[in-house]
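Survey of secondary and tertiary structure
Given next are the chains, with one letter for each unit.
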Amino acid sequence: MAMEREKLEQEIRELCQRGDTGGAVERALQGYGMEIMRLMASVLHNPELAKDAFSVFCESLLKGLPSFRWESSFRTWAYRLARNACYQLVHAPSARETPVSSSGIPEAPLRHRSDTRPWQRTSVKERFRALRESLEPDERMLLLLRVDQRLAWTEVARVMWDSDEAPTSAALSRKATALRQQFQRIKVHLRQMAIEQGLIEQEDQQPAEPNEPTP
């Protein structure tokens, strides 16, 4: 997987160096489109909103790629664009009119959020997932980046960086530390909810979810 991703990153960069922005965007969507779309669907919990967000992401990718400075991996930068697109739709869902052409949007079905209450689900795994889905979008984004996508903390910090100004190394380190502390608070919160729902015992020393990957 790592070698395939490295090859994909190199292909995108070579296309950019040749000035073939369209080709680079096409290759990027082939390689990362599905995981970006899944990320958006998980954060937004709304298939139509996720499609609109993906359209915003494609616009940003096409406009921003020529000026991308490769200070991070393309994947990390793409996640940042995806995160910004999600937040744009979350905070101003009515501000956007008809989305751009959806020809580049992956045609995989999106999982609809279940109306079943967590304690009514038969699968413990599904019940833990329901607890995660009850979190705020930025909290879900943090878990998805760190646990599901296994990004290093500095890369998570780049994705979650709020300013348009490029972060310094010191600022990035402070952001990573703050996000790691937030991550720990989310774990504690999830554990407390799991105890309240009867998924784990009070004295159980195992974390409810998620299990953090090794840095």
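Residues numbered from 1 in each chain as written. Predicted model: local features only at pLDDT ≥ 70, side-chain atom pairs only at ≥ 80, totals over all residues. Heavy atoms only, no water.

**Some remarks on the confidence of the model for the protein chain**
What counts is decided by this rule: Residue-level confidence of the predictor, termed pLDDT, takes values from 0 up to 100. Any two residues having at least one pair of non-hydrogen atoms within 4.5 Å are treated as being in contact.
Taken residue by residue, the protein chain gives an average pLDDT of 81. The fraction at 70 or more is 79%. Contacts from residues 95–121, a stretch scored under 50 in pLDDT, to residues over four places away or in other chains number 38 contacts.

**A look at the packing of helix H4 (residues 74–91) against helix H6 (residues 137–148)**
Going by this rule: Helix axes are fitted only over the stretch in contact, all axes being lines through C-alpha atoms; the angle between N-to-C directions runs from 0 to 180 degrees. Only runs of H or I of at least four residues qualify as helices and only runs of E of at least two qualify as strands under DSSP, and these elements are numbered from the N terminus. For classification, angles of less than 35 degrees are called roughly parallel, those exceeding 145 degrees roughly antiparallel, those between 65 and 115 degrees roughly perpendicular, and all remaining angles oblique. Definitions for this section: a left-handed crossing has its near helix turned counterclockwise from the far helix by less than a right angle. A right-handed crossing has that turn clockwise. Classes in brief: Ala, Val, Leu, Ile, Met, Phe, Trp, Tyr, Cys and Pro nonpolar; Asp, Glu, Lys and Arg charged; the others, Gly included, polar.
Where H4 meets H6, the axes come as close as 11 Å, and the angle between the chain directions of the two elements is 160°. When the axes of H4 and H6 are compared, the pair comes out roughly antiparallel. For the pair H4 and H6, the crossing hand works out as right-handed. Taking contact as the criterion, the partners of Tyr79, Arg83 and Tyr87 in H4 are, on H6, Pro137, Asp138, Met141 and Leu145. Here the residues of the contact of H4 with H6 are counted per class, giving 5 nonpolar, no polar and 2 charged.

**Details of the nonpolar core**
Proteins that are soluble and globular tend to have nonpolar side chains buried together. The condition is simple: Working definition of a nonpolar core: buried Ala, Val, Leu, Ile, Met, Phe, Trp, Tyr and Cys residues. They are joined through side-chain atoms within 4.5 Å. Between buried and exposed lies partly exposed: a residue is buried under 20% and exposed over 50% of the maximum accessible area for its type, with that area taken using a 1.4 Å probe on protein chains only.
Formed by 62 residues in total, the largest nonpolar core has its most connected members in Ile36, Met40, Phe57, Leu61 and Phe74. The set of elements that each furnish at least two residues to this core consists of helix H1 (2–17), helix H2 (21–44), helix H3 (47–64), H4, helix H5 (124–133), H6, helix H7 (153–159) and helix H8 (169–196). No other element matches the 12 residues that H2 contributes to this core. Excluding residues that lie within four positions of it along the chain, Ile36 makes contacts with Phe54, Phe57, Ala78, Tyr79 and Ala82.

**Re H3**
Worth spelling out the cut-off: How far a helix is expected to stretch is found by multiplying one less than its residue total by 1.5 Å. N or O atoms within 3.5 Å of each other form a polar contact, as long as, within protein, one can give a hydrogen and the other can take it, and as long as residues adjacent in sequence are counted only when both atoms are side-chain atoms.
Here H3 spans 25 Å end to end across 18 residues, near enough to the 26 Å set by a 1.5 Å rise per residue. If you check which residues of H3 are buried, you get Pro47, Leu49, Ala50, Ala53, Phe54, Ser55, Val56, Phe57, Cys58, Leu61 and Gly64. At the N-terminal end of H3, a side-chain oxygen is found 3.1 Å from the backbone nitrogen of Glu48, two or three residues along, and the residue is Asn46.

**Side note on the side chain of Glu9**
Threshold: This count recognises Lys and Arg as positive and Asp and Glu as negative, with His and chain-terminal groups excluded. Salt bridges are defined by distance alone: a side-chain nitrogen of Lys or Arg within 4 Å of a carboxyl oxygen of Asp or Glu.
Inspection of the secondary structure assignment puts Glu9 in helix H1. Here Glu9 occupies a buried position and makes no salt bridge, while the nearest side chain of opposite charge, Arg5, is found at 6.2 Å. The residues touching Glu9, leaving out its near neighbours within four places in the chain, are Tyr32, Trp70, Ser73, Phe74 and Arg75.

**Regarding the layout of surface pockets**
Here the idea is plain: a probe the size of a water molecule rolls over the atoms and shows the empty space left. Put simply, the rule is: Here a cavity is any set of points on a 1 Å grid over the protein atoms alone where a 1.4 Å probe fits but cannot get out, and a pocket is any open set with protein on both sides within 12 Å along at least 5 of 7 lines; a residue lines the site when it has an atom within 4 Å of a point. Grid points are joined across faces, edges and corners, and a volume is the space filled by probe spheres set on the points.
One number sums up the size of the largest pocket: a volume of about 540 Å³. If you trace the largest pocket, you find 19 residues lining it, with Phe68, Arg69, Trp77, Arg80 and Asp164 closest to the centre. Those elements that place two or more of their residues in the lining of the largest pocket are H3 and H4. In terms of residue count, H4 provides more of the lining of the largest pocket than any other element does, 5 residues in total. Residue composition of the lining of the largest pocket, grouped by class: 6 nonpolar, 7 polar and 6 charged.

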